[in-house]
Amino acid sequence: AGEAAAVPASPAATRRALLKGLAAGGIGATIPAAAPARAVTGPVAIVGGGIAGLTALHHLREAGVDARLYEAGDRLGGRMFTLRRNGAPTFEMGAQLVNSDHADIHALTARFGIPLVDRKADTHRSIVLAEGRPVRDTELADALRPIAAQIGIDADRIDADPAALAAFDAISVADYLDRHADLFPHPWVRRLLEVTGRTEYGAEPDATSALSLLFNLPTVDGTRADILGGSDERYAIAGGSGALIAALAERHARHIETGRLVRRVDRTTGGVRLTFGDARKVEAERVIVAVPAAVTRRIDFALPLPPAWRSFIAAMDLGRNEKILAAAADPRWRAIVGAGGEFWQTGGGCASGWDGTVLGEAGPAVWTWYLGGDEVESAIPARALAIRYAHDARGALGDMAAACGDAPVRRTAWHRNPLIGGAYGSYPPGHLTRFGRLLWIEGADGTATQAAPAIGRVVFAGEHLSDAFPGYMNGGAQTGRLAAQAVLGSTITPLAV
Ligand SMILES: Cc1cc2nc3c(=O)[nH]c(=O)nc-3n(C[C@H](O)[C@H](O)[C@H](O)COP(=O)(O)OP(=O)(O)OC[C@H]3O[C@@H](n4cnc5c(N)ncnc54)[C@H](O)[C@@H]3O)c2cc1C
C-alpha cells in the first residue's frame, strides 16, 4: 500500500528470549516460588479496571468463578480511554495502535465482535525530517546501517553469553551511543535513535537501559529501514480502544464497582482482606492486583511478600509520554502520509506524529503529536504547542497549522494522573537484570513458564509485568489472562474466541 514490506524483526520474541536468558544465567533476584496451581473456591477480588484487570475478570467469570473488580476512578479502562463529548470530536487519549502479534487483543476484540481496522490497507508513508530536511528511504537505510549492524553483533553476543547480557543492561542508551559515536555518519542519526527511544520508553537516553536498543529500535535490510523494527502498528480498534472496554464492562457489569480505591491488602485466615479509601472492607480468597507500576507502592501490602518483590514494588516506574491531539477540518496530511503513515523528526518540534483519528466511525480527523521524556514537561498550552509543532513539521507535512485551524485540541498528561502516574513501563539501566525474573514469561502453549507475579494469595498483573508486550494493551491483556490462569490452575488459550 505504497510502503515497502516491513523488515522482519520480532521485538516481542527478542525480549522474551532475553528474559529467559537472565533466568538461565542465574542473574538477578531470586524467583519466589509461584503459587501452587489449585482450583479457587471462594471469591476473587481484582484491583484495577484497566485492560489487565478487566481481562482477568472476563476469564474468571467465563470459568464460572465468583470474581469482583474494584476500580478507584469513576471510569473503566485506565490508559485505554476514548473521549467522547457531545458535539466534540472523538479523541483517543491513551492506547490506539495494535500490532499483528498482539494475540490477546486480537482474541478479545474477536470475542466481542469488534473489528480491527487495518490502518495500512491504503497508501501510506513514513517520513523522517532530519534537522528540517526530508530524508529519502535509501539515505535513511545507509545512515542507520552501521549502528544497526553493531546492535545485531551485540545481540548475538548476548544470546551466547548471559554475562554479556547483564553488562549490556548495566549501561544506558546514551552510554552505548557514546561508545559507538564513530558509527554515526551524521549527528541527526544519533538524535533519531534518541527520539525513537524517548517515544517508545518515555525516558531520556541516559535513563533507559541499552537493552531497549534490541527491542523496538531501527532495523535495516538492503535499502529499507524501519524506524520501529517489528512494531507494525497495523491495526486500530473500530470505534476506539474504549469500544473493547465498553464491551467488557457491559458483559460483566454486575461484577464491577467503580469509585473503590484500594488502600490496603492484608491477610485473613482463609484469604485476603481489602481496605478501601473510605475504610470499607471486603474479603476474598485471592486478589489480583492490576494497577499501574508507579501506583503499586501506594497500596499497603500488610502480608508476607518476598523481599525481592518489595524491592521491585519500590523501584517500578513508568516513563512519561503524552499526546497533543489536534482535530482537523481538513486532514490534508493524508495526501502526504496517508491514514497509516507516520512522521519522525530530529532537531526541534515534536519527535513524532501520526493520524490519530478514531477509525470505524464518522467524525472529524485528528492528528496526534506524540511527546516523550522531558518533552512532556513543557508548560506551553496545548493549542500553542500544536501550532508550534505544525510549523516545525511543515517541511514534511505541509500546512498542518491551517489544517487544524481553530478545531479542538486536547493534551493528555497521564504522568499527572494520580491513579496512573505515567505512560508505560520504563526500564532504567540494570532494572531487568535485577527484576526480570519477577515478570510473567509465557511459553509457546500459552501457559506461564515463569509465574513469579503469582505469590500465594496475591497475584500481580499489568502491562509492566509482561515478558513480550510491556507498554502495550496486549501486555495488560496477556498478564490479566496469565493471572486468571494462575488463580484457576488451568490454561486459557489466548486465541480461543
Ligand atoms: C499516551 C499513551 C499512548 C499509548 N499508546 C498505546 C498504543 O498505541 N498501543 C498499545 O498497545 N498501548 C499503548 N499504550 C499503553 C497502554 O495504554 C497500556 O499498556 C495499557 O492500557 C495498560 O493497561 P493496564 O490494565 O496494565 O493498566 P491501566 O490501564 O493503567 O489500568 C490500571 C487501573 O488501575 C486503577 N487503579 C490505580 N490504583 C488503584 C487502586 N489503589 N485501587 C483501585 N484501582 C486502582 C487505575 O485507575 C486504572 O484504571 C499507551 C499508553 C499511553 C499512556
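Note that the structure is a prediction, hence the values are computed from the model and not measured.

Okay, the sheet that holds strand S20 (residues 352-355) next. The seven strands are arranged S8-S7-S19-S20-S21-S18-S22 in an open sheet whose pairing can be described as mixed. Where the open sheet ends on each side, the last strands, each with one partner, are strand S8 (133-135) and strand S22 (409-411). Direction aside, neighbouring strands of the sheet carry axes that sit 20° apart on average. When strand S19 (residues 342-346) meets S20, the two strands line up antiparallel, connected through three bridges. Directly across from tryptophan 344, in S20, lies its bridge partner serine 352. Its contacts with the sheet put helix H12 (residues 382-392) on strand S18 (321-328), strand S21 (365-372) and S22, and the angle it makes with S22 is roughly 105°.

With domains assigned, the chain is organised as domain 1 (39-76 + 241-317 + 426-488), domain 2 (82-103 + 113-124 + 233-237 + 319-416) and domain 3 (141-222). A straight line from the C-alpha centre of domain 2 to that of domain 3 covers 27 Å. Facing the 13 residues of domain 2 at the interface are 10 residues of domain 3. The set of elements that each furnish at least two residues to the side of domain 2 that touches domain 3 consists of S19 and S21. Of the residues that constitute the side of domain 2 that touches domain 3, the class distribution is three nonpolar, seven polar and three charged.

So, on to the packing of helix H4 (residues 137-160) against helix H5 (residues 162-169). As a packed pair, H4 and H5 sit with axes 5 Å apart at the nearest point and diverge in direction by 130°. The pairing of H4 with H5 is recorded here as oblique in orientation. Facing Asp154, Arg157 and Ile158 of H4, the residues of H5 in contact are Ala164, Leu165 and Phe168. Grouping the amino acids of the contact of H4 with H5 by side-chain chemistry returns four nonpolar, no polar and two charged.

Fine structural detail should not be taken from predicted coordinates in areas where pLDDT scores are low. Summary statistics for the chain give a mean pLDDT of 89 and a share of 93% for residues scoring 70 or more. This prediction of the complex comes with two scores: 0.95 for pTM and 1.00 for ipTM.

Take the packing of helix H3 (residues 103-111) against helix H16 (residues 473-488) next. The geometry of H3 relative to H16 is characterised by a closest axis approach of 7 Å and an angle of 80° between their N-to-C directions. With respect to H16, the element H3 is oriented roughly perpendicular. For the pair H3 and H16, contact is made by Asp104, Ile105 and Leu108 and by Met473, Asn474, Ala477, Gln478 and Arg481, respectively. When its residues are assigned to classes, the contact of H3 with H16 shows four nonpolar, two polar and two charged.

Turning our eyes to something else, we now look at the environment of proline 306. Its location among the elements puts proline 306 in the loop between strand S17 (300-302) and helix H11 (307-315). We classify proline 306 as partly exposed; it has 17 C-beta atoms within 10 Å. On a C-alpha basis, the gap between proline 306 and aspartate 226 in space is 42 Å, while along the polypeptide they are 80 residues apart.

Turning next to the site of the ligand. Neighbouring the ligand are 42 residues; Gly48, Gly50, Gly78, Ala95 and Gly476 lie closest to it. Put simply, the parts of the chain that give the shell around the ligand at least two residues each are helix H2 (51-62), S18 and H16. Ranked by residue count, the leading element in the shell around the ligand is H16, at four residues. When grouped by side-chain class, the residues that make up the shell around the ligand number 22 nonpolar, 15 polar and five charged. If you count residues domain by domain, the shell around the ligand takes at least three from each of domain 1 (39-76 + 241-317 + 426-488) and domain 2 (82-103 + 113-124 + 233-237 + 319-416).

Reading guide: rules and limits
- Residues numbered from 1 in each chain as written.
- Predicted model: local features only at pLDDT ≥ 70, side-chain atom pairs only at ≥ 80, totals over all residues.
- Pairing = 2+ DSSP bridges.
- Helix = DSSP H or I, 4+ residues; strand = E, 2+ residues; numbered from the N terminus.
- Axes fitted to C-alpha atoms, helices over the stretch in contact; angles between N-to-C directions.
- Contact = placed C-beta atoms within 7 Å.
- Domains from an automatic or database assignment.
- Nonpolar A, V, L, I, M, F, W, Y, C, P; charged D, E, K, R; others polar.
- Parallel < 35°, antiparallel > 145°, perpendicular 65-115°, else oblique.
- pLDDT = per-residue confidence, 0-100.
- Buried ≥ 20, exposed ≤ 12 C-beta atoms within 10 Å, placed from the backbone.
- Near = placed C-beta within 6 Å.

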